[in-house]
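Summary of structural features
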Amino acid sequence: MAWKARAAGAPAAASARPAGRWLRALVTLPLIACLLASCDSSSSSGPATVNWYNFPDDSGALAGAAANCTRASGGRYRVVYNRLPRTADGQRQQLVRRLAARDDSLDILGLDVTWAPEFAEADWILPWTGANRRRATAGTLEVPLDTATWKGRLYAVPYNTNTQLLWYRSDLVPRPPRTWAEMLDMARALAEQGKPHYIEIQGAQYEGLTVWFNTLVESAGGSILNRTATAPSLGPPAVEAATIMRDLATSPAADPSLPNQMEDQNRLAMESGTAAFELNYPFVYPSMKANQPELFKHFRWAAYPGVDADRPAKPTIGGIDLAVAAYSRHPDYAFEAALCLRNRQNQLAAALQGGLPPTLRAIYSEKPFIKSYPFAAQVLAALENASTRPKTPAYQNVSIAISHTLSPPSAIDPRSSVATIRDQIEDALESKGLIP
């Protein structure tokens, strides 16, 4: 800042011309006042800056949304998209450290769907009330909203969501299976015929394994935690879920790489032609179309298989919720900008450019969306009957307890493994014991 250097660095001229002292005083006093008041330089030099921290996006959809909402502010503020680390753990670590330090440069936070309870209990994010809440909930799917709710209060607005479908090859499977038992029987029959028969699913020791277990427990009519999130609720449905996981892992349907597979490894295995079934997110559809056009001709989708034929499955959803940081210097602007970032225009762009399913129900009936997502109706049906991961501030520890106990899936002893999970979750909820 050249003007500041000149004012402080010319003592000779100041002594020769007493008026210089007054000029220095006029310059210095506002600076002192600004430092004492923690002034935001943007308030005097231009529009305020609203910092949005979210996952790294290479599609341009998030940067485009920030530009759209900057224009929509009418010059009052500009939205700056800041990239968090690529992994969910890295994203959470950065946000937690900065919020714990009361960093007031954070305004809008892109939270994984499991983080709202933890951040709300720590008073790191602000609740959505009044008109902001009404606008956030209008036309929004209920299950994504549930991920952003803690103890009856809304703490974020759903930005995008995600759910798994069953993907299968119609040249091998004339009709999709309705249940896991039926799918396993189909896979065994294909194996006996020497045909591709693997069932690709996430079996590595990470969050995906917890999601698989949670989906099966919920689909069997149970839950991992009780309704108040104060204790585990693992009974017969959990044993049934663990049994299905063990049965797949010890059957011919199991890919030999199952204990090390995540979503992308499942995608690649399906594209290699060795599998008949895949439980995965919609990103696999454009990938198959681009990478394996011959297999793509037979690539179909269906509802996630249920535990039994009498009730539909309850696949576990993912996604990102937008929260307003408690230490933001511009909370009013942040609420307004968050609503803009997840409006129809920006959610549609995120879906078409970035492959992120929207949380606004109306978009699922729009022609541009259906053209890119021919399975839009199936995704919407899954989302309306979906489940959330256990809602608790201790979710990270709960998830680790589950994924460690159930890894590798072939070593699962259903009753013993569920008992171990129950004990470790009790310790996690009481903040005691060692997490594996």
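From a predicted model like this one, the values you see are computed outputs, not experimental measurements.

Procedures and definitions
- Residues numbered from 1 in each chain as written.
- Predicted model: local features only at pLDDT ≥ 70, side-chain atom pairs only at ≥ 80, totals over all residues.
- Heavy atoms only, no water.
- Core = buried A, V, L, I, M, F, W, Y, C linked by side-chain atoms within 4.5 Å.
- Buried < 20%, exposed > 50% of the residue type's maximum accessible area, 1.4 Å probe, protein only.
- Helix = DSSP H or I, 4+ residues; strand = E, 2+ residues; numbered from the N terminus.
- Contact = heavy atoms within 4.5 Å.
- 1 Å grid on protein atoms, 1.4 Å probe; cavity = no way out; pocket = protein on both sides within 12 Å on 5 of 7 lines; lining within 4 Å.
- Points joined across faces, edges and corners; volume = space filled by probe spheres on them.
- Nonpolar A, V, L, I, M, F, W, Y, C, P; charged D, E, K, R; others polar.
- Axes fitted to C-alpha atoms, helices over the stretch in contact; angles between N-to-C directions.
- Parallel < 35°, antiparallel > 145°, perpendicular 65-115°, else oblique.
- Left-handed = near helix turned anticlockwise from the far one by under 90°.
- Disulfide = S-S within 2.5 Å.
- pLDDT = per-residue confidence, 0-100.
- Pairing = 2+ DSSP bridges.
- Phe/Tyr/Trp six-rings, centres within 6.5 Å; stacked < 30°, edge-to-face > 60°.

Grouped together as the largest cluster of nonpolar side chains are 98 residues, with contacts concentrated most on Trp-52, Leu-95, Trp-180, Phe-213 and Phe-277. The dominant element in this core, judged by the number of residues it contributes, is helix H12 (residues 236–249), at eight residues. Apart from residues lying up to four places away in sequence, Trp-180 is in contact with Ile-201, Trp-212, Leu-216, Ile-244, Leu-248, Leu-279, Tyr-304, Pro-305 and Gly-306. Formed by 28 residues, the second largest nonpolar core is a distinct cluster that contains Tyr-198, Leu-348, Phe-369 and Val-379.

Take empty space enclosed by the protein next. Within this structure, the stated rule accounts for one cavity of 30 Å³ or more. As a volume, the largest cavity reaches approximately 80 Å³. Lining of the largest cavity is provided by Val-113, Thr-114, Pro-117, Thr-147, Ile-317, Thr-388, Arg-389, Pro-390, Lys-391 and Thr-392. Residue composition of the lining of the largest cavity, by class: four nonpolar, four polar and two charged.

Below, the discussion takes up the packing of H12 against helix H21 (residues 414–429). Relative placement of two packed helices is described by the angle separating their axes and the distance separating the axes. The interhelical angle for the contact between H12 and H21, taken along N-to-C directions, is 125°, at an axis separation of 9 Å. The pairing of H12 with H21 is recorded here as oblique in orientation. For H12 against H21, the interelement crossing comes out right-handed. Here H12 contributes Ala-238, Val-239, Ala-242, Thr-243 and Arg-246 to the contact with H21, which in turn contributes Pro-414, Arg-415 and Val-418. Across the contact of H12 with H21, the residue classes break down as five nonpolar, one polar and two charged.

Space inside the largest pocket adds up to approximately 1,500 Å³. Taken together, 41 residues line the largest pocket, and the ones lying closest to its centre are Arg-86, Ala-88, Asp-112, Glu-263 and Tyr-281. Looking at the lining of the largest pocket, the elements with two or more residues in it are helix H6 (88–100), strand E6 (157–162), helix H11 (207–219), helix H13 (263–272), strand E11 (318–324) and helix H20 (395–405). If one sorts the elements of the lining of the largest pocket by residue count, H20 sits on top with six residues. Tallied by class, the residues present in the lining of the largest pocket amount to 15 nonpolar, 16 polar and 10 charged. Of the voids in this model, the second largest pocket is the one considered here, and its volume is about 450 Å³. What lines the second largest pocket is a set of 17 residues, and nearest its centre among them are Leu-225, Asn-226, Arg-227, Thr-388 and Lys-391. Looking at the lining of the second largest pocket, its residues break down into five nonpolar, six polar and six charged.

Moving on to the state of the cysteines. Across all of its chains, the model carries one disulfide by this definition. The side chain of Cys-69 participates in a disulfide bridge whose partner is Cys-340; the two sulfur atoms lie 2.1 Å from each other. Residues Cys-69 and Cys-340 are joined through a disulfide that is left-handed, its torsion about the S-S bond being -100°. Separated by 271 residues along the polypeptide, Cys-69 in helix H5 (residues 61–72) and Cys-340 in helix H16 (residues 331–341) bring together distant segments of the chain.

The next point concerns the packing of H11 against H12. Between H11 and H12, the least distance of the axes is 8 Å, while the angle of their chain directions is 125°. Here H12 runs oblique to H11, going by the angle between their axes. Crossing hand, H11 versus H12: right-handed. Between H11 and H12, the residues in contact are Leu-209, Trp-212, Phe-213, Leu-216 and Val-217 and Pro-237, Ala-238, Ala-241, Ala-242, Ile-244, Met-245 and Leu-248, respectively. For the contact of H11 with H12, a count of residues per class yields 12 nonpolar, no polar and no charged.

Here the protein averages 90 in pLDDT, and 89% of its residues register 70 or above. Across residues 1–43, confidence stays below pLDDT 50; counting only partners more than four residues off in sequence or on other chains, it has 16 contacts.

The strand order across the open sheet formed by four strands is E8-E9-E7-E10, and the pairing between neighbours is mixed. Lying at the two open borders of the sheet, with one neighbouring strand each, are strand E8 (198–200) and strand E10 (299–302). Strand-to-strand, the axes of this sheet are offset by a mean angle of 20°, without reference to chain direction. In the packing of helix H10 (residues 180–192) onto the sheet, contacts are made with strand E7 (165–169), E8 and strand E9 (275–280), and the angle to E9 comes to roughly 150°.

Once that is clear, we can look at the packing of aromatic side chains. All chains considered together, the criterion is met by 19 aromatic pairs. Centre to centre, the rings of Phe-119 and Trp-124 are 5.4 Å apart; their planes meet at 85°, and the pair counts as edge-to-face. Pair check on accessibility: Phe-119 and Trp-124 agree, each one buried. Through a chain of ring-to-ring contacts, three or more aromatic side chains come together here, namely Trp-167, Tyr-285, Phe-296, Phe-299, Trp-301, Tyr-364, Phe-369, Tyr-373 and Phe-375.

So, on to the environment of Leu-295. You can see Leu-295 is positioned in helix H15 (residues 293–296). Assessed through its relative accessible area of 15%, Leu-295 is described here as buried. C-alpha of Leu-295 to C-alpha of Asp-171: the two residues are 124 residues apart in sequence and 9.2 Å apart in space. Sequence-distant contacts of Leu-295, defined by excluding residues within four places in its chain, comprise Arg-169, Met-270, Glu-271, Gly-273 and Met-288.

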